[in-house]
Each structure stands twice: as C-alpha cells, then as structure tokens.
Amino acid sequence: MLLNTDNFKKRSKNPVNYNTRRTGDGIPEQSSREGKDLKKLLQIKLVFSLFSTQYLFSSVSQRDEFYYKDYKKIISVLQTLKTENPDVVSLHTAGNSTLGLPVFYASIKNTKKEEASNKLKKKSFLLVGGHHGNEKPSVEAVVYFVTFVLEKRNRPWLNKVLQKTDLHFLPALNPDGYSLSNRMQSRGIDINRDYFYPGRKHMAKRAKETRIMTKLLDKLSITDAISLHSGIEGVLWPHGFKDEPPRNAIGKRLPALAKIVADAMGFKKAMPMFQSYPTFGAFIDYAFTQKAISALTIELSEHHAPDGSQLPLLMAKTTWGLSAFINEVHQLNLPSSGVDAPNNLLAH
C-alpha cells in the first residue's frame, strides 16, 4: 500500500470515507488506428467507475479520507514514494520559489540497461500542477497519478510505456501561492501568463517559477506534457494567444489527442485554448511553439477547489485521461522534440 490514511486530507467540513473496494488495471494496449474501440472501452469503464461503488484504485485503503494536503504533506508523500520504490523513483528539486520553498518533482524511470540507440529515442513526459495556487485539485491529481503509475507499472501497457518513456511529475510549480491558496505567485504574477509566445512584446519570465519551469523543460528534454488546472471542465490544446490551429506535424495531432483525453474523462469540451478563453503567455503555448512539445491543458473542474467529497471521482477521471494520453502518445510514436528538435518542428 503506497498511501496511508492521512495522505488525503480535506480541509473542509465534509471529509469523505469510502468503504468500497477498487478495481481497474489501467488502459489496455491499443493502436492509434483503433481509436474508436479505445474510446468506446474508455467510456464503458468510466461509466462503470462513476455509477458503481467500485473505484479504480487499490492505492486508497478502506479507511482513507480525501482532503487537500498542505505543501509539507505533498513533499512528504513524494519522499515516501521514493523510499518505498527506490528502484524506479528519484526525487529532485528544480529550484526554490520566490519565498524559498523547494519546487520538487519526482521521476519514474525504467532502470534496466538499454541499448544506446533506444536511449536516444526515449521520450520524456512531464505532468505539472499548481501553476495557480488556488487550483487545489491540480496538485492532488499529480500526486495521485504518481501513485497509480507505481502500483500499475507492471501492467503490460504501462510497462511498455516505461521502456520508452521517462515520466516526470511536478505537483506544485507555485508552492507559495498553493500555501496561501492564492492564484498568483508571491509577487502577484500569474505564472500561466508569464511565458513567452510568438509576437509577445512585453517582458516574459518575470516570475522565478516561470524560469524554473523553462529550464526544467530543457534539462529533462521533455517531449510530451500536460498542465493541470481547474476553473472549467475540458481539455485544451494550443494556441491560447491566437485563433489559429497548429500547423506542424505535432500540432495537427493535438486535437485528436485532446478528444481522446476528454472522452476518457467524460468531458464534453475539447477545443483550442483560445476558443475557451484567450490566454496570452500560457505554459502549453510556450512548450509547443518554442520547444515542439506535444502539450495539452486539462481543466479538471468548474470549481477551483471543489469540496473534498468530489476528489475521489476527480482523481479517477484524471487518471483515466492521463493514462489515455500517455498510452496514445506512446502508440503514435510522435517525433522526438525537446531541446534538440529540428527547426521544422518548431514552426508553429
């Protein structure tokens, strides 16, 4: 058991106790040409998880309560996961926030020896939460998904993914804002409006946390990324700064990927970010236009911090969506990107 009973805390009046057993083995292996079958299977399993008492995860004991953890507890959970899984998990500090809090991320890698040719082609996935400190579910979902991956890593589909993909998880990019339940970082800067995008005339990367993230993308050679938020319910793809579809090979596949994720989560909205809400300086636009990263935003809930009674369902839906994304990107065999991307991949 990876999580104990106080790993999920609810700082509200209504903590929830689930005396149910959980089932679910993860996303089955499917090729991208079997998208319709995958969609149907995901929908069936999602409906089953929503309307039965059998939730997806064995990682939550029968006595667990769901509640929002403080940042100290977030770090503690990551440290516990590393201690219990030293063969595959490493824990790192990407830097310190403006107020000096460490920005932690965990990495899960297949430690088996690989041929040099395979290692060069390996993908690198990043899941980041907590751009906005008041969007609590985005942080919880990152921690929960790490746990899910560790418990299910021997499943055939996930084992194959880990052979070719390094997984990185950063729960809270904005630990100052998270600790204060504040959208902005401690200097009042909205991190998800602080990234560079083509045509930006004003200064970008004013926040220390923004610079931490851009350096991390280079350090880890990220090829695929998802940024978690809450405030609406849907899956968004670039661009946020203009009402034009992506034109390059990676960008043209993002709408289909977004639709797969939305279907897996039972969301009706899958659209360009600009059509949902024009966003100038968003993470996914920087990742896509400047680093040729296959990047999406998942908006988990219409509420920034929904009641803790909704967390089990949110965690389940998010895990299905993230699993579908990772599985599909692995199957698609998209071109490697990151810092060594060819110039034609950077044409947005």
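These remarks concern the structure in this document. (Residues numbered from 1 in each chain as written. Predicted model: local features only at pLDDT ≥ 70, side-chain atom pairs only at ≥ 80, totals over all residues. Heavy atoms only, no water.)

Let's talk about helix α5 (residues 156-164)
So, step 1. Residues of α5 that are buried: W157, L158, V161 and L162. Taken around the axis of α5, the buried residues stretch over an arc of 130 degrees, which confines them to a single face. Away from its buried face, by an angle of more than 90 degrees, α5 presents the exposed residues P156 and K164. (Buried < 20%, exposed > 50% of the residue type's maximum accessible area, 1.4 Å probe, protein only. Helix = DSSP H or I, 4+ residues; strand = E, 2+ residues; numbered from the N terminus. Arc of directions from axis to C-beta.)

A short note on the packing of helix α7 (residues 208-219) against helix α10 (residues 283-291)
So, step 1. Orientation of α7 relative to α10, taken along the N-to-C sense of each, is 40 degrees, at an axis distance of 12 Å. Our classification of the angle between α7 and α10 gives oblique. Considering only the axes of α7 and α10, their crossing is right-handed. From α7, M213, T214, L217 and D218 reach across to α10, where they touch F283, Y286 and K291. (Axes fitted to C-alpha atoms, helices over the stretch in contact; angles between N-to-C directions. Parallel < 35°, antiparallel > 145°, perpendicular 65-115°, else oblique. Left-handed = near helix turned anticlockwise from the far one by under 90°. Contact = heavy atoms within 4.5 Å.)

Some points on the pattern of salt bridges
So, step 1. Here the structure, examined in full by the defined rule, presents 11 salt bridges.
So, step 2. Residues K69 and E140 are paired through a salt bridge, measuring 2.5 Å at the closest nitrogen-oxygen approach. Of the two residues, K69 is situated in the loop between β2 (65-66) and α2 (71-84) and E140 in helix α4 (residues 136-152); the sequence distance between them amounts to 71 residues.
So, step 3. Note that D166 and K122 form a salt bridge whose closest N and O atoms lie 2.9 Å from each other. Taken together, the positions of D166 in strand β6 (residues 165-170) and K122 in the loop between α3 (116-120) and β5 (123-128) put the pair 44 residues apart, joining distant regions of the chain. Of the two residues, D166 and K122, neither departs from the other in class, the shared state being buried.
So, step 4. By sharing partners, the salt bridges in this structure join E135, R183 and D190 into a single network. (Salt bridge = Lys/Arg side-chain N within 4 Å of Asp/Glu carboxyl O.)

Some words on the side chain of E135
So, step 1. Note on placement: E135 falls in the loop between β5 and α4.
So, step 2. Owing to a relative accessible area of 3%, E135 belongs among the buried residues under this scheme.
So, step 3. At 3.1 Å, the side chain of E135 forms a polar contact with the backbone nitrogen of S230.
So, step 4. When sequence neighbours within four positions are dropped, the list of residues in contact with E135 reads R183, H229, S230 and H304. (Polar contact = N/O pair within 3.5 Å; in protein donor to acceptor, adjacent residues only side chain to side chain.)

As for the nonpolar core
So, step 1. I108, L127, F169, I226, L296, I298 and F325 are the most contacted members of the largest nonpolar core, which totals 57 residues.
So, step 2. Ranked by residues supplied to this core, first place goes to α4 with 10 residues.
So, step 3. When residues no more than four places from it in sequence are discounted, the contact partners of F325 are F125, D224, A225, I226, L257, V261, S294 and L296.
So, step 4. If you look at the next biggest cluster of nonpolar residues, it comprises 27 residues, including M213, I222, M273 and A295. (Core = buried A, V, L, I, M, F, W, Y, C linked by side-chain atoms within 4.5 Å.)

Details of the pairing of β6
So, step 1. Of all six residues that make up β6, six are buried, and the element is covered over most of its length.
So, step 2. Residues of β6 alternate between two faces, with T165, L167 and F169 on one and D166, H168 and L170 on the opposite face, all of them buried.
So, step 3. Across three bridges, the pairing between strand β4 (residues 102-108) and β6 is antiparallel. Among the inter-strand pairings, I108 is bridged to a residue of β6, identified as L167.
So, step 4. The pairing of β5 with β6 spans six bridges and is classified as parallel. (Pairing = 2+ DSSP bridges.)

A short note on the sheet that holds strand β8 (residues 233-237)
So, step 1. The strand order across the open sheet formed by eight strands is β3-β4-β6-β5-β7-β10-β8-β9, and the pairing between neighbours is mixed. Among the strands making up the open sheet, the edge pair consists of β3 (89-96) and β9 (270-272). Going across the sheet, the axis of each strand differs from the next one's by a mean of 20 degrees, ignoring polarity.
So, step 2. Here strand β7 (residues 224-229) pairs with strand β10 (residues 294-300) via six bridges, running parallel. Counted as the bridge partner of D224 is S294 from β10.
So, step 3. Running at roughly 145 degrees to β6, α4 makes contact with β3, β4, β5, β6, β7 and β10 of the sheet.

Notes on the environment of A270
So, step 1. On the secondary structure map, A270 appears in strand β9.
So, step 2. Residue classification places A270 among the partly exposed residues on the basis of a relative accessible area of 22%.
So, step 3. Once the C-alpha coordinates of A270 and L257 are considered, the two residues, 13 residues apart in sequence, prove to be 9.4 Å apart.

Regarding the pairing of β5
So, step 1. Within β5, six of the six residues are buried, which leaves it mostly tucked inside the rest of the structure.
So, step 2. Burial of the side chains of β5 extends over both faces: K123, F125 and L127 are buried on one face and S124, L126 and V128 on the other.
So, step 3. Direction of pairing for β5 relative to β7: parallel, over a ladder of four bridges. Among the inter-strand pairings, L126 is bridged to a residue of β7, identified as A225.

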